[in-house]
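# Fold and contact review
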Amino acid sequence: MSNKMVFCAVESKKKSVQVAQQIIEAIRRGIYKVGDKLPPERVIEQETGVSKTSVREALSALHLAGIVERIPGKGTYVRNTAEGIEALVLLEKSESVDDALDARRVIERAVIELATDRASGKQIQELGGICEEMQALLQDKNYEDFFELNERFHLAIAEATGNPLIVKVIRFLLQVTRQKLWKQTITEYFLKDGRHFRQSIAEHRQILTALRKRDKVMAKRVLEEHFITVERILREG
């Protein structure tokens, strides 16, 4: 196959949809046939001019639709020449991973500052219990429940503010992480390296320590580092 660029720059707001459309079109035109390996993510990222997360969202949707198969350590292969409508609909209906993380990062920094002042001893104890449960689930390799408890941890911090409107906002943002595409994208890259899960637990414990100390500066710093870690995992794999 020649080195000629297959993909072009993306200008649409929903960039992952545009990337998926270009891959589907390349398959339809026979540039990639069943069994062929797609270019590495970095190549698609460079040619389309979008973030690696957008490329991964597109590939995850195509994987869920059965058009491609993602094999850890080997790459992404074409498995079906279907039109890909299901993948495009899935992307259109799903919130962007980048947007969801941006929103949570901004809002939860303010939330944890308030929670540091208002959390009761019982609520802090509950957060400690969640950390212990996450550790046990990791040992059992129960990743689905692990991610559910991760959501529960962040929601419990919101509840510690005592503000029902804040709880509603965080609950809404956490609902994004339950979307099929979001879970596929996040889970896939966490499973690549077990250290990601261990680091996540360590960061949750640091957040807990900051709350126990009533240390706002530490709480905001550790939370920021936590979101940076998630973004790095998604960006670098």
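Scroll up a little and you will see the structure.
For the structure given in this document, a descriptive report is provided here. (Residues numbered from 1 in each chain as written. Predicted model: local features only at pLDDT ≥ 70, side-chain atom pairs only at ≥ 80, totals over all residues. Heavy atoms only, no water.)

Take unusual backbone geometry next. In this model, Lys141 sits at a positive phi of 60°, which is unusual for a non-glycine residue. For Lys141, the location among the structural elements is in the loop between α6 (121-139) and α7 (143-159). What makes Lys141 exposed here is its relative accessible area of 62%. Positive phi values are uncommon outside glycine, yet Arg214 reaches one of about 60°. Mapped onto the elements of the fold, Arg214 is located in the loop between α10 (195-213) and α11 (216-236). (Helix = DSSP H or I, 4+ residues; strand = E, 2+ residues; numbered from the N terminus. Buried < 20%, exposed > 50% of the residue type's maximum accessible area, 1.4 Å probe, protein only.)

Before going further, it helps to spend a moment on the side chain of Arg70. As for its placement among the helices and strands, Arg70 is situated in strand β1 (residues 68-71). Polar side-chain contacts of Arg70 include one of 3.4 Å to the side chain of Thr76. (Polar contact = N/O pair within 3.5 Å; in protein donor to acceptor, adjacent residues only side chain to side chain.)

Moving on, we come to α7. Compared with the 24 Å implied by 1.5 Å per residue over 17 residues, the 24 Å span of α7 between its first and last C-alpha is a close match. For α7, the full list of buried residues reads Phe146, Phe147, Leu149, Asn150, Glu151, Phe153, His154, Leu155, Ala156, Ile157 and Ala158. (Expected span 1.5 Å × (residues − 1).)

The calculated volume of the largest pocket comes to roughly 380 Å³. If you trace the largest pocket, you find 21 residues lining it, with Glu41, Arg70, Ile71, Gly75 and Lys192 closest to the centre. The set of elements that each furnish at least two residues to the lining of the largest pocket consists of α2 (41-48), α3 (52-64), β1, β2 (75-78) and α9 (180-190). (1 Å grid on protein atoms, 1.4 Å probe; cavity = no way out; pocket = protein on both sides within 12 Å on 5 of 7 lines; lining within 4 Å. Points joined across faces, edges and corners; volume = space filled by probe spheres on them.)

Turning to the pairing of β2, a few remarks are in order. Strand direction decides the pairing type here: β1 and β2, joined by four bridges, are antiparallel. Counted as the bridge partner of Ile71 is Gly75 from β2. Where β1 hands over to β2, the hairpin turn is made up of three residues, of which Gly73 adopts a positive phi near 80°. (Pairing = 2+ DSSP bridges.)

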